[in-house]
Amino acid sequence: MAMMAEVLDLRQFRPAQLEPLLAAEAEEWLRELHWDYRTSLDLIRQYIGARVLPGYVLTAGTPREPRAQGYCFFVYEAQKGLIGDLFIHPASRGGQQAEERLLLQHMIETLQATPGLRRIEAQLMSYRPAELAGCFSRRSFQAFRRLFLLLDLRSPSSSAGAADRGIERWHAGLAEAAAELIQQAYEGHIDSLINDQYRSQAGSMRFLHNVVHFPGCGDFDAASSGVIRAPGGGIAAMLLASRVQADVAHVTQVCVAPGGRQRGLARRLFQHALHNLRSRGFRAVTLTVTAANAPAVALYRQLGFTTLREFDAYVWEA
Ligand SMILES: CC(C)(COP(=O)(O)OP(=O)(O)OC[C@H]1O[C@@H](n2cnc3c(N)ncnc32)[C@H](O)[C@@H]1OP(=O)(O)O)[C@@H](O)C(=O)NCCC(=O)NCCS
């Protein structure tokens, strides 16, 4: 690390000072995760410009002219802190993650010292599990192994998919029933330890709102997203997808009500989505899954998904 390295508050910076960093980050997300991060970065720029995003910048250079080598930010959501991003410019990486750990340590210390904060969640998909594990475990975080999977729609081994008239295309009127399904589907599930939004109706509504309206998970793609109705009303099964690049989709949610499982509903939703995406010229589909979620991992393997990356989700509770 350079001699003059210093950690400064993100709110002292204008977006233009971070531009080389943001460009390098977008390039890395595209290359490694098939993800066009530029829409998310536009939002991040706006928040940085408004000086409302809590975070830190690792700098070198002179105090008058600090040069940003890396940055990180977090957000508060009621009594929860979410670690939003951590990025060091490739040219400033020492190889031992010392730069990453320095910024991460600042974020964790700030969050854990925030009065009233009960919980911290982090899912930094661009880091391998070992890279940040020590830093989180020393500060009492629990780790959950996650997989980033990819299905190459042009590969002959990937499922061809099929249109399905029993699947209702996603529309806003489904949100409330969808939130109810999420809450039921994740009751006692490992993923509700990782994401506590799944534990309540209000939290599930927030999750859906984020997925459908905010560009953080890509642009919501109603055409490939669908639900299967339950016989007595409500929703039995649902799949939601977003566009993360012109020709790459990301499945942001798939779940089936406990009473409707192992009857092929999730497979039908996937076949329908894959058919739709293929017919529109998409070349790949990605998703993330908790490694210990055996039914879901088996489903994705059967469809032809392969592991692109392993990472860890981290959770701390006061
Ligand atoms: C994962 C989940 C969506 C599967 O839905 P489902 O409708 O029961 O799955 P399907 O009946 O379509 O099964 C398709 C394939 O998935 C796999 N699978 C599904 N349930 C399984 C189980 N309990 N054990 C092992 N494999 C299972 C099998 O490979 C199955 O193929 P097969 O029938 O030829 O054996 C459902 O269990 C669920 O909603 N779980 C809770 C929410 C969740 O974990 N979502 C995924 C988050 S990434």
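Residues numbered from 1 in each chain as written. Predicted model: local features only at pLDDT ≥ 70, side-chain atom pairs only at ≥ 80, totals over all residues. Heavy atoms only, no water.

Student: I keep staring at the packing of helix α5 (residues 175–185) against helix α7 (residues 201–213) and nothing clicks. Help me out?
Tutor: Packed helices, taken two at a time, are described by the angle their axes make and the gap between the axes. Across the interface, α5 lies against α7 with an axial gap of 8 Å and an inter-helix angle of 115°. With respect to the hand of their crossing, α5 and α7 are arranged in right-handed fashion. For the pair α5 and α7, contact is made by Ala 175, Glu 176, Ala 178, Ala 179, Glu 180, Ile 182 and Gln 183 and by Gln 201, Ser 204, Met 205, Phe 207 and Leu 208, respectively. Broken down by class, the residue content of the contact of α5 with α7 amounts to seven nonpolar, three polar and two charged. (Axes fitted to C-alpha atoms, helices over the stretch in contact; angles between N-to-C directions. Helix = DSSP H or I, 4+ residues; strand = E, 2+ residues; numbered from the N terminus. Left-handed = near helix turned anticlockwise from the far one by under 90°. Contact = heavy atoms within 4.5 Å. Nonpolar A, V, L, I, M, F, W, Y, C, P; charged D, E, K, R; others polar.)

Student: Any chance you could explain the nonpolar core here in plain terms?
Tutor: Across soluble globular proteins, you tend to see nonpolar side chains buried next to one another. Judged by nonpolar contacts, the single largest core of 31 residues is most densely connected at Phe 270, Val 285, Leu 287, Val 289, Tyr 300 and Phe 305. Counting residues per element, the ones that place at least two in this core are β6 (142–152), β10 (235–245), β11 (248–256), α8 (265–279), β12 (284–290) and α9 (294–303). The dominant element in this core, judged by the number of residues it contributes, is α8, at seven residues. Those residues in contact with Val 289 that sit more than four places away from it in its chain are Arg 145, Arg 146, Leu 147, Leu 149, Ala 296, Val 297 and Tyr 300. (Core = buried A, V, L, I, M, F, W, Y, C linked by side-chain atoms within 4.5 Å. Buried < 20%, exposed > 50% of the residue type's maximum accessible area, 1.4 Å probe, protein only.)

Student: Hey, could you run me through the domain arrangement of the chain in this one?
Tutor: Taken domain by domain, the chain holds domain 1 (6–140) and domain 2 (151–311). Between domain 1 and domain 2, the C-alpha centre-to-centre distance is 28 Å. Facing the 20 residues of domain 1 at the interface are 21 residues of domain 2. Summed over both partners, the interface of domain 1 with domain 2 comes to about 1800 Å²; 52% of that surface belongs to carbon and sulfur atoms. (Domains from an automatic or database assignment. Buried area = accessible area lost by both parts, 1.4 Å probe.)

Student: What is the right way to read the side chain of Gln 197 from this model?
Tutor: Its place among the elements puts Gln 197 in the loop between α6 (191–194) and α7. Look at Gln 197 and you get buried, because its relative accessible area is 8%.

Student: Explain the environment of Phe 270 here, please?
Tutor: Along the chain, Phe 270 turns up in helix α8. You can call Phe 270 buried: its relative accessible area is 1%. C-alpha separation for the pair Phe 270 and Ala 257, spaced 13 residues apart in sequence, amounts to 16 Å. Those residues within four positions of Phe 270 in sequence are excluded, and the remaining contacts are Leu 239, Val 251, Val 254, Leu 287, Leu 299, Tyr 300, Leu 303 and Phe 305.

Student: Help me understand the site of the ligand in this model?
Tutor: What surrounds the ligand is a group of 23 residues, the closest being Val 254, Val 256, Gln 262, Gly 264 and Asn 293. Here Arg 263 contributes a backbone N or O atom positioned 3.2 Å from an oxygen atom of the ligand. Within the side chain of Gln 302, one N or O atom sits 3.0 Å away from an oxygen atom of the ligand. When the ligand is considered free in solution it has 920 Å² of accessible area, and contact with the protein chains removes 78% of it. If you list the elements that add at least two residues to the shell around the ligand, you get β11, α8, β12 and α9. The element best represented in the shell around the ligand is α9, accounting for six residues. Classifying every residue of the shell around the ligand gives 13 nonpolar, six polar and four charged. (Near = heavy atom within 4 Å. Polar contact = N/O pair within 3.5 Å; in protein donor to acceptor, adjacent residues only side chain to side chain. Areas by Shrake-Rupley, 256 points an atom, 1.4 Å probe, with all protein chains shown as cover.)

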